[in-house]
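What the coordinates show
Listed below, chain by chain, are the residues.
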Amino acid sequence: MQLRAFHAVATQASFTLAARTLGLTQPTLSQSVKALEERYGVLLFERSSRRVQPTEMGRRLFQLTTRLFDTEQEAATLLEGSAQLARGLLQLGADSPYYVMPLIAEFDRRHPQVEIRLSIGNAGAVLENLSEARLDVALLSNPPVDPRFHIVPLYRDPVRLMLPEGHPLAAEDAVPVAALAGQRLVMRETGSMTRRTVERGLAEAEIAPAGVFEVTGREAVQEAVALGLGLGFISAGEIRPDPRIAVRPLADCAWHTDEYVLCQRDRRRFPAIRAFIELAVAASA
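Below is a summary of the structure that appears in this document.

Calculation notes
- Within any chain, residue numbers begin from 1 and follow the written order of that chain's sequence.
- Confidence filtering applies because this is a predicted model: local features only for residues at pLDDT of at least 70, side-chain atom pairs given and counted only at 80 or more, and all residues used for totals across whole chains, interfaces and linings.
- To obtain the side-chain values, all non-hydrogen atoms of the structure were used and water was disregarded.
- Only DSSP runs of H or I reaching four residues or more are called helices, and only runs of E reaching two or more are called strands; each is numbered from the N terminus.
- Partly exposed residues are those whose accessible area sits between 20% and 50% of the maximum for their type, while under 20% is buried and over 50% is exposed, using a 1.4 Å probe and protein chains only.
- Contacts: residue pairs with any heavy atoms within 4.5 Å of one another.
- Note on areas: these come from Shrake-Rupley sampling with a 1.4 Å probe, and a residue is covered only by the protein chains present in the view.
- The pairing test for Phe, Tyr and Trp rings, Trp by its six-membered ring, is centres within 6.5 Å, and the orientation test on the planes gives stacked under 30 degrees, edge-to-face over 60, and tilted for anything in between.
- Here a cavity denotes a set of grid points, spaced 1 Å apart and computed over the protein atoms alone, in which a 1.4 Å probe fits but from which it cannot get out, and a pocket denotes an open set meeting protein on both sides within 12 Å along at least five of seven lines; residues with an atom within 4 Å of a point are reported as lining.
- Grid points are joined across faces, edges and corners, and a volume is the space filled by probe spheres set on the points.
- The criterion for strand pairing is that DSSP finds at least two bridges linking the strands in question.
- The definition of a right-handed crossover adopted here requires that, viewed with the strands pointing away, the path from the first strand over the helix to the second runs clockwise.
- Counted as salt bridges are all cases of a side-chain nitrogen of Lys or Arg within 4 Å of a carboxyl oxygen of Asp or Glu.

**Here we look at the overall build of the chain**
The number of helices and strands found in the chain is nine helices and 11 strands. If one aligns the C-alpha atoms of the chain with their principal axes, the spans along those axes are about 70 × 45 × 30 Å. By residue count, 45% of the 285 residues in the chain fall in the buried class. Intrachain contacts of the chain at a sequence separation of at least 6 include 77% that bridge at least 24 residues. Of the roughly 14,800 Å² of accessible surface on the chain, a fraction of 52% belongs to carbon and sulfur atoms.

Here's what the structure looks like:
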């Protein structure tokens, strides 16, 4: 019980949420974690009024308990008959709603008994949540190679340039990369894969913009471009019509983002996770 209490707190990053998950009172849960710490003379969590964060020892133990309880769940799934997709919860994360929503709709049609929760964030935040087992499956652009993850390629999407309607460069069918020199650019926050792709491409072409206006989220980028605050970038699959914005390809480069589906390698055989990944791969073929 002590290990399960620890694992719930580490997963939820909250004693309150962990107690609710396990159906315990918070004092009972806290005492279980405290007893585990006192038994081995270690500190597993840094506690503050705002958040609960595992210590280095806590992070190492969480890796072990994740494997332990995943194996327990896998054994239960095997005994119950893994041919049938069990009722349960599938927690998804993505750096864009546009690629994942059609997959969710199809998965829900096939497996209505599985509850689905989706969180959208930049790639860095989604990857962190996946690595900490707060997510089961993620759809991300250009994730780093990491032996902890089972990674399957899905799509390759070219990067497009967004300009305010009426901008001189909007008259071009395709905009040369060199024309970006001296232009003010609107960029998403650090952690955005589109931003990383564009910055790498500009550096390779030795092109310096006049400045960068940083905003959080692709919707904010599009609104900033529409209001003339700079030129922005978007993956082709994310383009949505807006009469205030002209979208053009870049003439002499092949900037693109690659979309992948991934999960923790040790959990890829769980029925709901396996079913979602198989569906995503089939849809991308």
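So, next bit.
**Comments concerning the packing of aromatic side chains**
A ring pair, where both rings are aromatic, is described by two values, the distance of the centres and the angle of the planes. Tallied over the entire structure, the rule returns five aromatic pairs. Taking the centre distance of 6.0 Å and the plane angle of 70 degrees together, the rings of phenylalanine 15 and phenylalanine 45 count as edge-to-face. Of this pair, phenylalanine 15 sits in helix H2 (residues 15-22) while phenylalanine 45 sits in strand E1 (residues 45-47), placing them 30 residues apart in sequence. Within the aromatic cluster, the residues linked to one another by ring pairs are Phe6, Phe15 and Phe45.

**Concerning the side chain of aspartate 258**
Tracing the chain through its elements places aspartate 258 in strand E11 (residues 256-264). Residue class for aspartate 258 comes out buried when judged on its relative accessible area of 10%.

**Concerning unusual backbone geometry**
Trans peptide bonds make up most of the peptide bonds, and negative phi angles are found at most residues other than glycine. Of note in this structure, alanine 133 is not a glycine but carries a positive phi near 65 degrees. Here alanine 133 lies in the loop between helix H6 (123-131) and strand E5 (137-141). Given a relative accessible area of 15%, alanine 133 falls into the buried group. For glutamate 206, which is not a glycine, the phi torsion comes out positive at approximately 55 degrees. Residue position: glutamate 206 is located in the loop between helix H7 (193-204) and strand E8 (211-214). What makes glutamate 206 exposed here is its relative accessible area of 74%.

**Describing empty space enclosed by the protein**
What the rule picks out here adds up to two cavities of 30 Å³ or more. Taken as a whole, the largest cavity encloses approximately 130 Å³ of empty space. Residue lining of the largest cavity: 13 residues in total, with Arg188, Thr194, Val221, Phe233 and Ile234 positioned closest to the centre. Those elements that place two or more of their residues in the lining of the largest cavity are strand E7 (184-187), H7, helix H8 (218-226) and strand E9 (232-235). Per-element accounting of the lining of the largest cavity gives the leading share, three residues, to H8.

**Some words on the pairing of E8**
In terms of strand pairing, E7 meets E8 through four bridges, oriented parallel. Each bridged residue has a counterpart across the sheet, and for leucine 185 the counterpart in E8 is valine 212. With respect to chirality, the unit in which E7 leads through H7 into the neighbouring parallel E8 is right-handed.

**Considering the pattern of salt bridges**
Tallied over the full model, the rule gives 16 salt bridges. A salt bridge links glutamate 56 to arginine 59; its shortest N-O distance comes to 3.0 Å. In this pair, glutamate 56 and arginine 59 are both assigned in helix H4 (residues 56-80), three residues apart and thus about one turn of the helix distant. For glutamate 56, a relative accessible area of 48% puts it in the partly exposed group. Arginine 59 sits in the partly exposed class, given a relative accessible area of 35%. Linking arginine 188 and glutamate 189 is a salt bridge whose minimum nitrogen-to-oxygen distance equals 2.8 Å. As far as the burial class goes, arginine 188 and glutamate 189 line up, both buried.

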